[in-house]
Amino acid sequence: MHSLSDLVADFAVLLANRHSHKGPDKEHPYGHQRFETGASLALGLLLLAVGIGMVWNAAVKLEQPSSIASVHMVALWVALGALVAKELLFRYMLRIAKSVKSSMLVANAWHARSDAASSLVVGLGIVGNLLGYPLLDPIAALIVGFMVGRMGWTFGWAALHDLMDRAADEQEVVAIRKTIEQTPGVVGVHDIKTRRMGDMIVADAHIVVHADITVEQGHDIAVEARRRVMLRHQVLNLMTHVDPADKPDLDHLATKT
């Protein structure tokens, strides 16, 4: 069942990858990158469902030990073969995921690692069964179920936060701020806000420029800051608001009640 969930997960990844690379359109002006986030949420829910199912099935067998069937040596070889194959797949997929910076592929890679871990535990349960301790089989399944369910909850919860416009990590925000500050003509920057858009970031920033320059010059500075940020970071778009230095505008005046 866990391997079958892998197959379904791979299909979801392929489908999401195809749609996430579509360009902006009238209904999706920022593009379709959140298809990847949706796929990560689906993968998390799938893992959670598989984990719950495995725990339930193991619990039933523990209540009815007589229903535990004896296994054969071939089951052990299958488990070991799956362990090796899934671990190799995990290492390869994680390396590719990091190189292309895809959170969806990272989630799918750890899905493969969870399958490798489950194969190891299942192998131990089969060994116990072969040695005359059949209860070790459902106990192993119970452990695997908890492992898979926990991983599903982790990925699903993270994807849900991204769909709720979770901000980029602090390190990335600091790097974006530094890039804006290094743009010629920028006196300062404040009110930087970010939100995840799949593996990309959408950002807003207030850029401070000298008050005695023309509107055209201020505009050019903002455009250059945006270009630099999008070139150096995983930023899909930077919305800028130009503020004059030492001249507070209505956006920053204290509200009086």
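Here, every reference points to the structure presented above.
Quick caveat, the model's predicted, so the values are computed rather than measured.

## Thoughts on the overall build of the chain
Here is step 1 of the chain: Along its length, the chain carries 7 helices and 3 strands.
Here is step 2 of the chain: Counting from the amino terminus, helix and strand elements in the chain follow one another as α-α-α-α-α-α-β-β-α-β.
Here is step 3 of the chain: Based on the C-alpha atoms only, the size of the chain along its principal axes is roughly 85 × 45 × 30 Å.
Here is step 4 of the chain: When each of the 257 residues of the chain is scored for burial, the buried share is 38%.
Here is step 5 of the chain: Look at the contacts in the chain between residues 6 or more apart in sequence, and 70% of them connect residues 24 or more apart.
Here is step 6 of the chain: Computed over 24 positive and 26 negative side-chain charges, the inter-centroid distance for the chain is 4 Å.

## Let's talk about the nonpolar core
Soluble globular proteins tend to bury their nonpolar side chains together.
Here is step 1 of the chain: Core analysis: the biggest nonpolar cluster contains 17 residues, and Ile180, Ala205, Ile207, Val229 and Leu238 have the highest contact counts within it.
Here is step 2 of the chain: Mapped onto this core, the elements with two or more residues apiece are helix H6 (170-181), strand E1 (188-197), strand E2 (200-209), helix H7 (215-232) and strand E3 (235-244).
Here is step 3 of the chain: Not counting residues within four places of it along the chain, the set of residues in contact with Ala205 comprises Ile180, Val189, His190, Asp191, Ile192, Leu238, Met239, Thr240 and His241.
Here is step 4 of the chain: Of all hydrophobic cores here, the second largest spans 13 residues; its members include Leu47, Val121, Ala140 and Phe155.

## Looking at helix H5 (residues 136-163)
Here is step 1 of the chain: The first and last C-alpha atoms of H5 sit 41 Å apart over 28 residues, in line with the 40 Å expected at 1.5 Å per residue.
Here is step 2 of the chain: Looking one or two residues beyond H5, the residue adopting positive phi is Asp165, at roughly 65 degrees.

## Focus: the pattern of salt bridges
Here is step 1 of the chain: Tallied over the full model, the rule gives 4 salt bridges.
Here is step 2 of the chain: One salt bridge in this structure joins Arg166 and Asp162, with 3.0 Å as the shortest N-O distance.
Here is step 3 of the chain: Here Asp162 falls in the buried class, since its relative accessible area comes to 12%.
Here is step 4 of the chain: Glu224 is the partner of Arg228 in a salt bridge, and the nearest nitrogen-oxygen pair spans 2.9 Å. Of this pair, Arg228 and Glu224 both sit in helix H7, 4 residues apart, which is roughly one turn of that helix.

## Re the sheet that holds E3
Here is step 1 of the chain: Overall, mixed pairing links the 3 strands, which are arranged E1-E2-E3 in an open sheet. Lying at the two open borders of the sheet, with one neighbouring strand each, are E1 and E3. The mean angle between the axes of side-by-side strands here comes to 15 degrees, regardless of whether they run parallel or antiparallel.
Here is step 2 of the chain: Sheet contacts for H6: E1, E2 and E3; angle to E1, the most-contacted strand, approximately 135 degrees.
Here is step 3 of the chain: Packed onto the sheet, H7 meets E2 and E3 and runs at close to 150 degrees relative to E3.

## Considerations on the packing of helix H2 (residues 34-63) against H5
Here is step 1 of the chain: Contact geometry of H2 with H5 gives a least axis separation of 7 Å together with a crossing angle of 155 degrees. With respect to H5, the element H2 is oriented roughly antiparallel. Relative to H5, H2 is oriented so that their crossing is left-handed.
Here is step 2 of the chain: Looking at the contact of H2 with H5 residue by residue, the class counts come to 21 nonpolar, 8 polar and 3 charged.

The rules behind each value
- Residues numbered from 1 in each chain as written.
- Predicted model: local features only at pLDDT ≥ 70, side-chain atom pairs only at ≥ 80, totals over all residues.
- Heavy atoms only, no water.
- Helix = DSSP H or I, 4+ residues; strand = E, 2+ residues; numbered from the N terminus.
- Buried < 20%, exposed > 50% of the residue type's maximum accessible area, 1.4 Å probe, protein only.
- Contact = heavy atoms within 4.5 Å.
- Lys, Arg positive; Asp, Glu negative; His and termini not counted.
- Charge placed at Lys NZ, Arg CZ, Asp CG, Glu CD.
- Core = buried A, V, L, I, M, F, W, Y, C linked by side-chain atoms within 4.5 Å.
- Expected span 1.5 Å × (residues − 1).
- Salt bridge = Lys/Arg side-chain N within 4 Å of Asp/Glu carboxyl O.
- Pairing = 2+ DSSP bridges.
- Axes fitted to C-alpha atoms, helices over the stretch in contact; angles between N-to-C directions.
- Parallel < 35°, antiparallel > 145°, perpendicular 65-115°, else oblique.
- Left-handed = near helix turned anticlockwise from the far one by under 90°.
- Nonpolar A, V, L, I, M, F, W, Y, C, P; charged D, E, K, R; others polar.

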